[in-house]
Amino acid sequence: MLSDPETWVERHGDALLRYAYTHLRDRSRAADLVQDTFVAALKACDRFDGRSAERTWFIGILRHKIIDQYRRGRREVSVAPEDVAEQEQPDFDARGEWRTPPGELEADPENYVLTGELARAIRSCVDELPEIFRQAFILREFQQLDTDEVCKILEITSTNLSVRLHRARLRLRRCLEHAGMQPTTSEGM
Amino acid sequence: MKQIVGTCEETAEAISAALDGPLPWYRRIRMRLHLWACRFCRRYEVQAKWLHAVCEHHCDELADIAGDTEDLTLTAEEREELQARLGGR
């Protein structure tokens, strides 16, 4: 059963605001969506079945609102991936080989611990992505939408999405390596 | 040889695409052949798969991460307005 709606703002307001802001990067819109989320939750409170935590349920509602925002806002971001300025040094040379080869991961990528420092580094690197790459990456990797859904939301082709995700991942790899971030296994802690 | 196994750039694209859905067989084989021969691309595959797994298993945490939102809170006016809407149901 949900808690008293009069307690929702104190209990969940700031967390929802931060969640919305990290996706939208617009405080005003984020605050609007938090309000919309609470109003929607109030109307749908009898549909909360208690199988998830209360906040998880709110975030689920907020997530749909954020996706609607992406649908409405997609025309505001009309830059094509090829127009995004390439970094000073592209990842590959003229022969298609790595300019700066990836370093070796010192841990098993299937047996790691997500430390707070590492998580913040990932978020920071994601936030530094050019907007069209960031939107695609967040919808695909943070929202866990499949590629068809992302294409519909952003109104781009699957090829275009593939390019955006590819370039986002290359930039993230370099950003994390530059930050000296390596995953840690539970044995190493 | 590069026509058969492709370049590192092409392989990196294939590695990324493989995270989002199955590759056509010819592209998958080409990628595997290149990975067999290229330790740098094998490293990139490990890194890309790791990042993908982290996002998959920790998507809510990552979306809620403090970072520059650590001090982000609702203003007093926003709280009042929200309370009014929720309390006046």
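Residues numbered from 1 in each chain as written. Chains lettered and ligands numbered in written order. Predicted model: local features only at pLDDT ≥ 70, side-chain atom pairs only at ≥ 80, totals over all residues. Heavy atoms only, no water.

> Sorry, what's going on with the overall build of chain B here?
When helices and strands are counted, chain B shows six helices and zero strands. The order of helices and strands in chain B, counted from the N terminus, is α-α-α-α-α-α. For chain B, the proportion of its 89 residues judged to be buried stands at 45%. For chain B, the share of sequence-separated contacts (at least 6 apart) that also reach a separation of at least 24 residues comes to 49%. (Helix = DSSP H or I, 4+ residues; strand = E, 2+ residues; numbered from the N terminus. Buried < 20%, exposed > 50% of the residue type's maximum accessible area, 1.4 Å probe, protein only. Contact = heavy atoms within 4.5 Å.)

> Can you walk me through the overall build of chain A in this structure?
Summing up its helical and strand segments, chain A has seven helices and zero strands in all. Walking chain A from its N terminus toward its C terminus, one meets helices and strands in the order α-α-α-α-α-α-α. Among the 189 residues that make up chain A, the fraction classed as buried is 52%. Considering only intrachain contacts with a sequence separation of at least 6, the fraction spanning at least 24 residues in chain A is 72%. Accessible surface, chain A: about 9500 Å² in total, of which carbon and sulfur atoms supply 45%. (Areas by Shrake-Rupley, 256 points an atom, 1.4 Å probe, with all protein chains shown as cover.)

> Just to check I follow, could you spell out the pattern of salt bridges for this structure?
Close approach of charged atoms lets side chains of opposite charge pair. Taken as a whole, this structure holds 19 salt bridges over all chains when the rule is applied. Across the pair Asp14(A) and Arg79(B) runs a salt bridge whose closest N-O atoms are separated by 2.9 Å. Of this pair, Asp14(A) sits in helix α1 (residues 8–24) while Arg79(B) is found in helix α6 (residues 76–87), placing the two residues in two different chains. Residue Arg79(B) is classed as buried on the basis of its relative accessible area of 17%. The closest approach of N and O atoms between Arg27(A) and Glu78(B), which form a salt bridge, is 2.8 Å. Of this pair, Arg27(A) sits in helix α2 (residues 27–43) while Glu78(B) sits in helix α6, placing the two residues on different chains. (Salt bridge = Lys/Arg side-chain N within 4 Å of Asp/Glu carboxyl O.)

> Explanation requested: the interface of chain A and chain B in the structure shown.
Frequently, the measure chosen for interface size is the accessible area removed from exposure when the parts meet. The interface of chain A with chain B comprises 59 residues on the first partner and 49 residues on the second. Across the pair Arg140(A) and Asp20(B) runs a salt bridge whose closest N-O atoms are separated by 2.7 Å. One can count 19 residue pairs in polar contact (both at pLDDT 80 or more) joining chain A with chain B. Taken together, the elements giving at least two residues each to the side of chain A that touches chain B come down to α1, α2, α4 (116–127), α5 (131–142) and α7 (158–178) of chain A. The element that contributes the greatest number of residues to the side of chain A that touches chain B is α1(A), accounting for 12 residues. Each residue belonging to the side of chain A that touches chain B can be placed in one class, and the counts come to 30 nonpolar, 10 polar and 19 charged. (Polar contact = N/O pair within 3.5 Å; in protein donor to acceptor, adjacent residues only side chain to side chain. Nonpolar A, V, L, I, M, F, W, Y, C, P; charged D, E, K, R; others polar.)

> Explanation requested: a nonpolar patch on the surface in the structure shown.
Residues and elements named next belong to chain B. There is a patch of nonpolar side chains on the surface, built from Ile4, Trp25, Tyr26, Ile29 and Leu33 and spanning about 560 Å² of accessible area. With four residues, helix α3 (residues 25–37) is the largest single contributor of residues to the nonpolar patch. Structurally, Ile29 is set in helix α3. (Patch = residues over 30% accessible without salt bridge, like charges linked within 9 Å, V, L, I, M, F, W, Y side chains within 5 Å.)

> Explain the confidence of the model for chain A here, please?
Atomic detail in the predicted coordinates should be set aside for any region of low pLDDT. Looking at chain A, the pLDDT average stands at 81 and 85% of residues meet or exceed 70. Per-residue pLDDT stays below 50 along residues 185–189 of chain A; that stretch engages in 10 contacts with residues further than four places along the chain or on separate chains. (pLDDT = per-residue confidence, 0-100.)

> Quick question: what am I supposed to make of the packing of aromatic side chains here?
For any pair of aromatic rings, the description rests on two quantities: the centre-to-centre distance and the angle between the ring planes. Considering all chains together, one arrives at nine aromatic pairs over all chains under this definition. Here the aromatic cluster, defined as three or more aromatic residues joined through ring pairs, consists of Trp8(A), Phe38(A), Phe48(A), Trp57(A) and Phe58(A). (Phe/Tyr/Trp six-rings, centres within 6.5 Å; stacked < 30°, edge-to-face > 60°.)

> Please explain the packing of helix α2 (residues 8–18) of chain B against helix α4 (residues 39–57) of chain B as it appears in this structure.
In helix packing, the relevant descriptors are the interaxial angle and the interaxial distance, both defined with respect to the helix axes. Residue and element names in this part refer to chain B. Where α2 meets α4, the axes come as close as 10 Å, and the angle between the chain directions of the two elements is 20°. With respect to their mutual orientation, α2 and α4 come out roughly parallel. With respect to the hand of their crossing, α2 and α4 are arranged in right-handed fashion. Residues Cys8, Thr11, Ala12 and Ile15 of α2 lie in contact with α4, whose contacting residues are Cys41, Tyr44, Glu45 and Ala48. Tallied by class, residues from the contact of α2 with α4 come to six nonpolar, one polar and one charged. (Axes fitted to C-alpha atoms, helices over the stretch in contact; angles between N-to-C directions. Parallel < 35°, antiparallel > 145°, perpendicular 65-115°, else oblique. Left-handed = near helix turned anticlockwise from the far one by under 90°.)

> Is there a simple way to explain the state of the cysteines in this structure?
Here, the word disulfide means a covalent bond between the sulfur atoms of two cysteines. All chains considered together, the criterion is met by one disulfide over all chains. Sulfur-sulfur distance for the disulfide between Cys125(A) and Cys175(A) comes to 2.0 Å. Note on the Cys125(A) and Cys175(A) pair: the S-S dihedral is about -80°, so by sign convention the disulfide is left-handed. Taken as a pair, Cys125(A) in helix α4 and Cys175(A) in helix α7 lie far apart in primary sequence, 50 residues in all. There is no split in this pair, since Cys125(A) and Cys175(A) are both buried. Cys55(B) supplies the cysteine sulfur nearest to Cys151(A), a cysteine that is in no disulfide, at a spacing of 18 Å. Residue class for Cys151(A) comes out buried when judged on its relative accessible area of 11%. The class of Cys55(B) is buried, set by a relative accessible area of 0%. (Disulfide = S-S within 2.5 Å.)

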